[in-house]
Amino acid sequence: MSELAGKVAIVTGAAGGIGGAAVAHFLASGARVLAMDRAAAGLPAAAEGLLPFVGDVTDAEACVAAVARVTATWGALHVLFNTAGLSGRRYGDGPVHSCTEAGWDVVLNSNLKSVFLMCRAAIPALVSSGGGSIVNLSSVLGLVGGGDLFATHAYAASKAGIIGLTRAMASHYAPQRIRVNALCPGLVQTPMAARALADEATMEYVRRMQPLLGGPASPQQVAAAAAFLASDAAAAITGVVLPVDGGWSAQ
Ligand SMILES: NC(=O)c1ccc[n+]([C@@H]2O[C@H](COP(=O)([O-])OP(=O)(O)OC[C@H]3O[C@@H](n4cnc5c(N)ncnc54)[C@H](O)[C@@H]3O)[C@@H](O)[C@H]2O)c1
């Protein structure tokens, strides 16, 4: 595959399910990739065209350092895929009446402020590379309510915030040839989804809401959509909010 031949990319959350699948897909498609995560243990080892980078995307200096590392190594930056994020249930996220302020803050910082910080760090490098593509990972829960089974309201707000930020950036940076798009997966088979995947009532709901798949999406299916948006095949596409949800948001 040469879908991303010549592209230099940063993938955040690269030790995770979707980020890891994206690193593999981008490399196989001809890109060079800086794979960033705060969890050093889950990152792939350095290899031709692959730089592991340990850093926290809620830390503005780490975001700047990641971009500096990539431009010092490869002289350009064309693609930023923001996947780093978390489910805040264990920090106190939940339905609004019982969501803690600490839970709200952790989730908004980790899922939304982090995207702002990475985009802010990357934009000058994207501009000086002649333009590029930012792909932000939102969620179907940024588009529709999650009912009782997916009642994490700080998470939903963070993912809806990503959609607003994506569209605002898309309209503003288009003259500089920076495209900004968002992906909205339904349930994806990754470590983050472990609780949902292990709960029969939730899985019955997911099978109903994702009839195209009859279950969770694979991280590779999300990575493939990201690679398309990152590639020149999507050269005329910006500000798009693309569900990758097996039909969930179409119902
Ligand atoms: N799995 C799903 O069902 C699903 C559905 C919709 C959207 N998403 C979104 O997809 C993205 C990736 O999720 P995943 O399912 O691959 O989860 P995952 O838990 O497998 O991976 C997330 C990765 O992000 C990293 N990370 C978290 N906070 C970080 C920080 N502050 N700095 C650096 N790295 C950090 C984690 O260490 C982890 O490796 C998330 O933004 C998530 O909200 C997931």
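Structural data are supplied above this passage.
So, a few notes on the structure that sits alongside this text. Everything numeric in this text was worked out from a predicted model, so none of it was measured.

**Here we look at the pairing of strand β4 (residues 79-82)**
Right, on to step 1. Burial of the side chains of β4 extends over both faces: Val-79 and Phe-81 are buried on one face and Leu-80 and Asn-82 on the other.
Right, on to step 2. Two elements, strand β1 (residues 8-12) and β4, share 4 bridges in a ladder whose sense is parallel. Directly across from Ile-10, in β4, lies its bridge partner Leu-80.
Right, on to step 3. As judged from the 4 bridges shared by β4 and strand β5 (residues 132-137), these two strands associate in the parallel manner. From the neighbouring strand, Leu-80 faces β5, where its bridge partner is Ile-134.
Right, on to step 4. As a crossover connection, the stretch from β4 through helix α3 (residues 101-128) into β5 is right-handed.

**Observations concerning the nonpolar core**
Right, on to step 1. Counting 49 residues, the largest nonpolar core has Ile-10, Leu-34, Met-36, Leu-77, Ile-134 and Phe-150 as its most contacted members.
Right, on to step 2. In terms of residues, this core owes the most to one element, α3, which gives 12 residues.
Right, on to step 3. Discounting chain neighbours no more than four positions away, the residues touching Leu-77 are Val-8, Ala-9, Ile-10, Val-67, Val-70, Ala-122, Ala-125, Leu-126, Ser-129 and Gly-131.

**Considering the site of the ligand**
Right, on to step 1. Taken together, 28 residues surround the ligand, and among them Ile-18, Asp-37, Tyr-155, Val-188 and Thr-190 come closest.
Right, on to step 2. With respect to the ligand, the backbone of Arg-38 contributes an N or O atom lying 3.3 Å from a nitrogen atom.
Right, on to step 3. Between the ligand and Tyr-155, the relevant distance is 2.6 Å, taken from an oxygen atom to a side-chain nitrogen or oxygen of the residue.
Right, on to step 4. Notes on the ligand: free accessible area 830 Å², of which the protein chains cover 92%.
Right, on to step 5. Only α1 (17-28) and α4 (153-173) provide two or more residues apiece to the shell around the ligand.

Definitions and limits used
- Residue positions are counted from 1 within each chain, in the order its sequence is given.
- Given that this is a predicted model, residues contribute local features only at a pLDDT of at least 70 and side-chain atom pairs are listed and counted only at 80 or more, while totals for whole chains, interfaces and linings are drawn from all residues.
- Side-chain metrics rest on all non-hydrogen atoms present in the structure, leaving aside hydrogens and water.
- Only protein chains enter the accessibility calculation, which uses a 1.4 Å probe; a residue is then buried when its area is under 20% of its type maximum, exposed when over 50%, and partly exposed in between.
- Helix numbering and strand numbering both begin at the N terminus, where a helix is a DSSP run of H or I of at least 4 residues and a strand a DSSP run of E of at least 2.
- Strand pairing is defined by DSSP finding a minimum of two bridges between the two strands.
- With its strands directed away from the observer, a crossover is right-handed exactly when the path from the first strand over the helix to the second travels clockwise.
- In this description, a nonpolar core means a group of buried Ala, Val, Leu, Ile, Met, Phe, Trp, Tyr and Cys residues linked to one another through side-chain atoms lying within 4.5 Å.
- Pairs of residues are marked as contacts when any of their non-hydrogen atoms sit within 4.5 Å.
- Whether a residue is near a molecule or strand depends on its heavy atoms: it is near if one of them lies within 4 Å of it.
- Whenever a nitrogen or oxygen atom comes within 3.5 Å of another N or O atom, the pair is scored as a polar contact, on the condition that within protein one atom can donate a hydrogen and the other can accept it, and that pairs from neighbouring residues in sequence are kept only if both atoms are in side chains.
- Exposure was quantified through the Shrake-Rupley algorithm and a 1.4 Å probe, taking into account, for residues, occlusion by the shown protein chains and nothing else.

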